[in-house]
Amino acid sequence: MKVYHDKDIDGSILDDLTVAVLGYGSQGRAQALNMRDSGVNVVLGLREGGKSWKKAKEDGWEPMTHLEAAEKADIVLMLMPDMAQPVVWGEEVSLAMRKGKALQFAHGFNIHFGEVKPPSDIDVIMVAPKSPGPELRRQYEAGFGVPALVAVHQDASGKALQKALAIAKAIGSGRAGVLETTYQIETETDLFGEQAVLCGGVDQLIRRGFKVLTEAGYPPESAYFEVCNELKLIVDLIYTSGIGGMYRAVSDTAKWGGMTIGPMVIDDHVEENMRKALKAVQDESFAKAWISESKSGAKKFDELMAECDALEIEKVGKEIRKMSGLEK
Ligand SMILES: NC(=O)c1ccc[n+]([C@@H]2O[C@H](COP(=O)([O-])OP(=O)(O)OC[C@H]3O[C@@H](n4cnc5c(N)ncnc54)[C@H](OP(=O)(O)O)[C@@H]3O)[C@@H](O)[C@H]2O)c1
Ligand SMILES: [Mg+2]
């Protein structure tokens, strides 16, 4: 993959351009503030009267509607939830996208699966920071950045990549490294990663580990520490020094147990399930099912969140985090 750093990126293309950030949640807030601090001319487009409208005002913005912001801007960043983007695009943004403008996403879902179909005379680009928004902001404020992926789906102006790189630099990602990819690769690997490993996989590992220990009669507090709380320390080690670095920092007993019993727990059967998950991403059946769930009112989605909130590990965990001052 081609990698860019600040020194490889000429950000001056943004000097004469206005960037609209639509949405002020996890990514929107971090990206808007980082770009503003980098001297970019940023306008905010939000839904009037929403929660983030108030938050944006507190942060010193003068928010306007999505349509007004898209009218003023040369580059429009779609930073509301993936399932909301096709509606905001259809009802507002598409009306403002004249020739030569650029439409930018932080995840390829709606372009890759065809839910947003932009006209051929605009640029369609992606800047996808590889962290949650608050971390993107924290790193920027600390003088660092988080890595990002950039991609070009459509280059109408001949400057699409230059625009994407300049934005990546302005949000601080050029300090860490900006990797060039495609909409397809970003979309499919991002969905697989969050489903099989990062969100879904880790969640199930914790839930099931907790269940096995508590069903065997161990105190829930002990179970929480052993299968959940310490996970952060282990992941931090892997994040900074790799899997081997993690193993070198734990006891020999943990090394031996981890490397011999781990493959028995997460076995070939799990890998087979991962392949099924990847296939559902590739053949679009996951996307179709999620779009249909969202369009029909997201009842199952709400039920699953409620089920998660009601788990015993969530109750014990909350008490422990309160006790240790991590959570109010
Ligand atoms: N979360 C991440 O860390 C992350 C990482 C990489 C990429 N991404 C991508 O970045 C994009 C934004 O994700 P996000 O997690 O940052 O979104 P988010 O925090 O859920 O977005 C919240 C913002 O979207 C607005 N919004 C919510 N529903 C809306 C609707 N139906 N119509 C119009 N506006 C609506 C909210 O306004 P109100 O306050 O008015 O509700 C708020 O300003 C997505 O494409 C996502 O895949 C996210
Ligand atoms: Mg994702």
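So, how was this worked out
Counting restarts for each chain: residues are numbered from 1 in the order of the written sequence. Each chain takes a letter, starting from A, and each ligand takes a number, starting from 1, following the order in which they are written. With the structure being a predicted model, the display of local features is reserved for residues of pLDDT at least 70 and the display and counting of side-chain atom pairs for 80 or more, all residues being used for whole-chain, interface and lining totals. As a convention, hydrogens and water are excluded, and side-chain values are obtained from all of the structure's heavy atoms. Side-chain atoms within 4.5 Å are what join buried Ala, Val, Leu, Ile, Met, Phe, Trp, Tyr and Cys residues into a set we call a nonpolar core. Relative accessibility decides the category of a residue: with a 1.4 Å probe and only protein chains considered, values under 20% of the type maximum give buried, values over 50% give exposed, and everything between is partly exposed. Residues count as neighbours in contact if any of their non-hydrogen atoms are within 4.5 Å of one another. Domain delimitation follows an automatic or database domain assignment. Accessible area that two parts lose when put together, evaluated with a 1.4 Å probe and summed over both, is termed the buried area. Any Lys or Arg side-chain nitrogen located within 4 Å of an Asp or Glu carboxyl oxygen qualifies as a salt bridge. Each polar contact in these results corresponds to two N or O atoms within 3.5 Å; when the atoms are within protein, one needs to be able to donate a hydrogen and the other to accept it, and residues that are neighboring in sequence are counted only if both atoms are side-chain atoms. Under the convention adopted here, Pro, Cys and the residues Ala, Val, Leu, Ile, Met, Phe, Trp and Tyr are nonpolar, Asp, Glu, Lys and Arg are charged, and Gly plus all remaining residues are polar. For Na, K and Ca the donor cutoff is 3.2 Å, while for all other metals N, O and S atoms count as donors only within 2.8 Å; water does not appear among the atoms, so some sites may look incomplete. To qualify as a helix, a DSSP run of H or I must reach at least 4 residues; to qualify as a strand, a run of E must reach at least 2; elements of each kind are numbered from the N terminus. Under this scheme, a helix contributes an axis fitted over its contacting stretch, all axes are lines through C-alpha atoms, and angles between N-to-C directions fall in the 0 to 180 degree range. Left-handed is the label given to a crossing in which the near helix is rotated counterclockwise from the far helix by less than a right angle, and right-handed is the label when the rotation is clockwise. When DSSP finds two or more bridges between a pair of strands, those strands are recorded as paired. A crossover gets the label right-handed when its path from the first strand over the helix to the second runs clockwise, viewed with the strands pointing away from the viewer.

Focus: the nonpolar core
- Core analysis: the largest hydrophobic core is formed by 39 residues, its most contacted members being Leu14 and Met35.
- Dropping the residues within four chain positions of it, Leu14 is found in contact with Val19, Val40, Ile75, Ala166, Ile167 and Ala170.
- Of all hydrophobic cores here, the second largest spans 26 residues; its members include Met78, Trp89, Leu103 and Val116.

Some thoughts on the domain arrangement of the chain
- Once the domains are mapped, the chain shows domain 1 (3–181) and domain 2 (191–323).
- The C-alpha-based centres of domain 1 and domain 2 are spaced at 31 Å.
- Across the boundary between the two partners, domain 1 contributes 5 residues, which contact 8 residues of domain 2.
- On the domain 1 side of the interface with domain 2, the three residues burying the most area are Met83, Phe109 and Phe113, jointly 71% of the side's total.
- Our count for the domain 1 to domain 2 interface comes out at 1 salt bridge.
- With a closest N to O distance of 3.9 Å, Lys295 and Glu115 form a salt bridge.
- Taken together, domain 1 and domain 2 are joined by 0 residue pairs in polar contact (both at pLDDT 80 or more).
- Within the side of domain 1 that touches domain 2, the residues separate by chemical class into 3 nonpolar, 1 polar and 1 charged.

Focus on the coordination of the magnesium ion (ligand 2)
- Taken together, the protein ligands of the magnesium ion (ligand 2) are Asp190 (OD) and Glu194 (OE), with distances of 2.1 to 2.2 Å. In this pair, Asp190 and Glu194 both sit in helix α8 (residues 183–198), 4 residues apart, roughly one turn of the helix.
- In this structure Glu194 comes out as partly exposed when scored by relative accessible area, which is 30%.

A closer look at the packing of α8 against helix α13 (residues 268–282)
- Following both chains from N to C, one finds α8 and α13 inclined at 145 degrees, their axes separated by 10 Å at the closest point. The crossing of α8 and α13 is right-handed. Counting all contacts with α8, which are made through Glu188, Leu191, Phe192, Gln195, Ala196 and Val197, the residues of α13 involved are Met274, Ala277, Leu278, Val281 and Gln282.
- In terms of residue class, the contact of α8 with α13 is built from 8 nonpolar, 2 polar and 1 charged.

A look at the pairing of strand β7 (residues 148–154)
- Of all 7 residues making up β7, 5 are buried, and the element is well covered by its neighbours.
- Inspection of the sheet shows strand β6 (residues 123–129) paired to β7 by 6 bridges, in the antiparallel sense. For Pro129, the partnering residue across the bridge sits in β7 and is Ala148.
- Here β7 runs beside strand β8 (residues 178–180); their pairing, made up of 3 bridges, is parallel. Across the sheet, residue Leu149 finds its bridge partner in β8, namely Leu179.
- In the classification by handedness, the crossover that spans β7, the intervening helix α7 (residues 160–170) and the parallel β8 is right-handed.

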